[in-house]
Amino acid sequence: MKKVTFAIAGLGSRGLDAYAEYQKKHPDEMEIVAVADLKEERRNLAKKEYGIKDDRIYKSAEEMLKEKRLADAIIIATQDQDHVREALMAIEKGYHILMEKPISPSKDECLLLLDKARGYDKKIAVCHVLRYTSFYRTIKEIIDSKRLGSVVSIDAIEAVGYWHMAHSFVRGNWRNYNTTSPMLMQKSCHDMDILRYLTGEKAKRISSSGSLMYFKRENAPEGAAERCTICKVKDSCPFDAEKIYITDRKTGIRHNRQWPCNVLQSNPDEEKIRKAIEIGPYGRCVFHSDNNVVDHQCVLIEFESGATATFQMIGLSKENHRSIHIFFTNGELLADMLSDEIVIKNFDDKEYEKIKIEKSSSGHLGGDEQIMKEFIMSVNGEGDVSSSLSLSIDSHMMVFAAEESRISGKAVSLIDEFKGQAYNPEDGITLEWMGRAEGINEEQ
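Basis of the calculations
Residues numbered from 1 in each chain as written. Predicted model: local features only at pLDDT ≥ 70, side-chain atom pairs only at ≥ 80, totals over all residues. Heavy atoms only, no water. Pairing = 2+ DSSP bridges. Helix = DSSP H or I, 4+ residues; strand = E, 2+ residues; numbered from the N terminus. Contact = heavy atoms within 4.5 Å. Axes fitted to C-alpha atoms, helices over the stretch in contact; angles between N-to-C directions.

- As annotated in an unreviewed UniProt entry, the protein carries the name Gfo/Idh/MocA family oxidoreductase and comes from Candidatus Ornithospirochaeta avicola.

In structure tokens form, the structure reads like this:
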């Protein structure tokens, strides 16, 4: 297989720590030749780890994309509101494109990109990495085999985890939907995509409800301070920044130098982390932040066949995991990422069948590595990627409909009322119109 050269826009935990890592394991398949990021420390880290030449290191994606095409493909892993603008520039330069999800928090931008990509002779894929895991691919094989009959209903849950919710969506980059994306789009477009993938059907009707219920000023414990380091009630608070980033056995710097600590500081140590929580956003009280994304949301979906699905995103859970329960006409299936086990209950069998999914050391149960492998293969003309732009926009439309329903309190029809709305060039959506959010992308 021919080695594919890459440029990377956005050197956060997705661009640099997830996708770039593939080169270290497979240097015969991938070579990073150009990078761009707003933060000097991230640019320097990429230079050190991958030997990027000085004249191929850029201070922004726009600066890099003004150059002639520098590589075969580009990974776009910047902030949510930057993706479409940069993808359009990459199309003009002739890159194969691997784009971090979400495509955009704007429905019009998604449709604009789809319109511009029609007839483009290069690959464009979206990082819906859960499609590439053995966990969901095994479930998909069971569904498609019809061994349990047809799908009647699906119950899916994403438990974000209390500390992950606090890290990314209360204190972190995605705390405010005015500058990034709604919670369902940023965190759970993965899950809308998986439901679309597993059923193989388009959604017909969607309704949703949810709110920011807990992480608000009025719920702060008596005596809570604006920052954790000076708080009198920190010992009894599970969201205390020192617990999460320093002492916790899973997430703290004393036991883990990777995500989430490397979001606070590149190449982190305890001294750097302490300084970061003393003065930075990750040391703010979760009840005194400027967050506005929901901390829980439920979605009810009706598919074209009449099958239904419920999805729940909950930001207040002990563990960070996903689970799914599928009801068929001749049995049911239960699976949970915590156990890496799929349980099949056929109506005719007295014994339950259990399928153990092999664990992967790479992120998202192996999805991060597998999407890179299959994207590189597709660039070489060996097959295609599962998460194409058109399929990904289809599941994004499910999110847009759910958000419209949550805000209006009414069910939304994707067939008649919503999905039929196409991009109109006369609406004035231009490169200059699209806003820009500062920062880097981190773990999803």
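Digging into the sheet that holds strand β3 (residues 57-58)
Here is step 1: Across the sheet, six strands lie side by side as β3-β2-β1-β4-β5-β6; this open sheet has parallel pairing. Unpaired on one side and paired on the other, β3 and β6 (124-126) mark the two borders of the sheet.
Here is step 2: Judged from the two bridges that link them, strand β2 (residues 30-36) and β3 form a sheet pairing that is parallel. If you follow Ala36 over to β3, its bridge partner there is Tyr58.
Here is step 3: Helix-sheet contacts for helix α14 (residues 367-379) involve β1 (4-9), β2, β4 (73-76), β5 (96-99) and β6, and the interaxial angle to β5 is about 165°.

Here's the deal with unusual backbone geometry
Here is step 1: The linkage connecting Lys101 with the following residue, Pro102, adopts the cis geometry, with an omega of -5°.
Here is step 2: With respect to the element layout, Pro102 can be found in the loop between β5 and α6 (107-117).
Here is step 3: In this model, Trp259 is joined to Pro260 through a cis peptide bond whose omega is 10°.
Here is step 4: Summarising the element assignment, Pro260 is placed in the loop between α11 (241-247) and α12 (261-264).
Here is step 5: You will see that Lys146, though not glycine, has its phi angle at about 65°, which is positive.
Here is step 6: Turning to its location among the elements, Lys146 is positioned in the loop between α7 (134-145) and β7 (151-159).

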